[in-house]
Amino acid sequence: MKAMILDVDGTLWDTTGVVAEAWMQAASELMIPLDTPITADRLKQEFGKPMDEIAANLFPTLSESQRALVMESCCEYEEFYLENAREPLLFDGVKETILTLSQNYAVCIVSNCQKGYIELFLKKTGLENAITDFECFGNTRLSKGENIRLLMERAQITDAVYVGDTKGDADACTFAGIPFIFAEYGFGSPTHYAHKITRFPELLEYPF
């Protein structure tokens, strides 16, 4: 089976503004000291990393157990804010392109996000029936490369590419042994990739 495996943040949508507001609200209510405010630009530097690494970067003065509690609260606020967001979050052409791709390939998602985030994405965008399978760090506590391999084995995928926007995505593809397609419009600037797109719909032209 052939598959296009997708990252979420910086590849399919940009939620950094909404999430920054939600996490600042959580930090404020928990009275967490911040060296600098949590902003959309700051989150763009963090998204794509495992959640425990993001927590360590945003809340360096807290213990590991304290960070876990804070991130739990942040994610609860995040879910509420995202469910109620009315502004467009998807990058141009994402939904239409995924629906078209799903007619010819398995379309899957692998992310370093928390448990429930991909489900929220699918519900928010109405793409539940277009996605064959998904996996994330919050479910397995595994690296993105390991989760790509896990998903491919589970879904019996023999030929795949991964679409993402960060160096971590590129490294995960190297680990998993599959080509990396760089979404240049996203949050990162990896230097090694097999193919580059400047708009998500360009995937329809990929010689797969």
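Residues numbered from 1 in each chain as written. Predicted model: local features only at pLDDT ≥ 70, side-chain atom pairs only at ≥ 80, totals over all residues. Heavy atoms only, no water.

What about the packing of aromatic side chains?
Piece 1. Tallied over the full model, the rule gives seven aromatic pairs.
Piece 2. Here Phe 80 and Tyr 81 contribute two aromatic rings whose centre-to-centre distance is 6.2 Å and whose plane-to-plane angle is 75°, an arrangement assigned as edge-to-face.
Piece 3. Grouping aromatic residues by their ring pairs yields a cluster made of Trp 13, Tyr 117 and Phe 121.
Piece 4. Residue placement shows Arg 149 over the ring face of Phe 175; its charged tip is 4.3 Å from the ring centre. (Phe/Tyr/Trp six-rings, centres within 6.5 Å; stacked < 30°, edge-to-face > 60°. Lys NZ or Arg CZ within 6 Å of the ring centre and 35° of its normal.)

Examining the domain arrangement of the protein chain
Piece 1. For the protein chain, the domain assignment lists domain 1 (2–14 + 90–205) and domain 2 (15–84).
Piece 2. On a C-alpha basis, the centroid separation for the pair domain 1 and domain 2 is 23 Å.
Piece 3. If you look at the interface, domain 1 gives twelve residues, while domain 2 gives 15 residues.
Piece 4. Interface area for domain 1 against domain 2, summed over the two sides, is near 1300 Å², with a carbon-plus-sulfur share of 58%.
Piece 5. Inspection of the domain 1/domain 2 interface yields one salt bridge.
Piece 6. Ranked by the residues each element gives to the side of domain 1 that touches domain 2, the list is headed by helix H6 (residues 117–125), at three residues. (Domains from an automatic or database assignment. Contact = heavy atoms within 4.5 Å. Buried area = accessible area lost by both parts, 1.4 Å probe. Salt bridge = Lys/Arg side-chain N within 4 Å of Asp/Glu carboxyl O. Helix = DSSP H or I, 4+ residues; strand = E, 2+ residues; numbered from the N terminus.)

Structural notes on a negative patch on the surface
Piece 1. Together, Glu 72, Glu 76, Glu 79 and Glu 83 line one region of the surface with negative charge.
Piece 2. Positionally, Glu 83 belongs in helix H4 (residues 64–84).
Piece 3. With a relative accessible area of 35%, Glu 83 lands in the partly exposed category. (Patch = residues over 30% accessible without salt bridge, like charges linked within 9 Å, V, L, I, M, F, W, Y side chains within 5 Å. Areas by Shrake-Rupley, 256 points an atom, 1.4 Å probe, with all protein chains shown as cover. Lys, Arg positive; Asp, Glu negative; His and termini not counted. Charge placed at Lys NZ, Arg CZ, Asp CG, Glu CD. Buried < 20%, exposed > 50% of the residue type's maximum accessible area, 1.4 Å probe, protein only.)

A closer look at the sheet that holds strand E2 (residues 106–111)
Piece 1. Read from one edge to the other, the open sheet built from six strands follows the order E3-E2-E1-E4-E5-E6, with strand pairing classed as parallel. A single partner strand is all that each edge strand has here, and the edge strands are strand E3 (133–136) and strand E6 (195–197). Strand-to-strand twist across the sheet, computed as the mean angle between neighbouring axes with direction ignored, equals 20°. (Pairing = 2+ DSSP bridges. Axes fitted to C-alpha atoms, helices over the stretch in contact; angles between N-to-C directions.)

Some words on the pairing of E2
Within a regular strand, side chains alternate between the sheet's two faces.
Piece 1. In terms of residue burial, E2 counts as a mostly covered element, since six of its six residues are buried.
Piece 2. Residues Ala 106, Cys 108 and Val 110 point to one face of E2 and Val 107, Ile 109 and Ser 111 to the other, with burial holding for every one of them.
Piece 3. Pairing analysis gives four bridges linking strand E1 (residues 2–6) to E2, with the strands arranged parallel. Bridging across to E2, Met 4 finds its partner in Val 107.
Piece 4. Where E2 meets E3, four bridges bridge the pair, whose relative direction is parallel. Across the sheet, residue Cys 108 finds its bridge partner in E3, namely Asp 133.
Piece 5. For the segment spanning E2, H6 and E3, crossover handedness is right-handed. (Right-handed = clockwise from strand over helix to strand, strands pointing away.)

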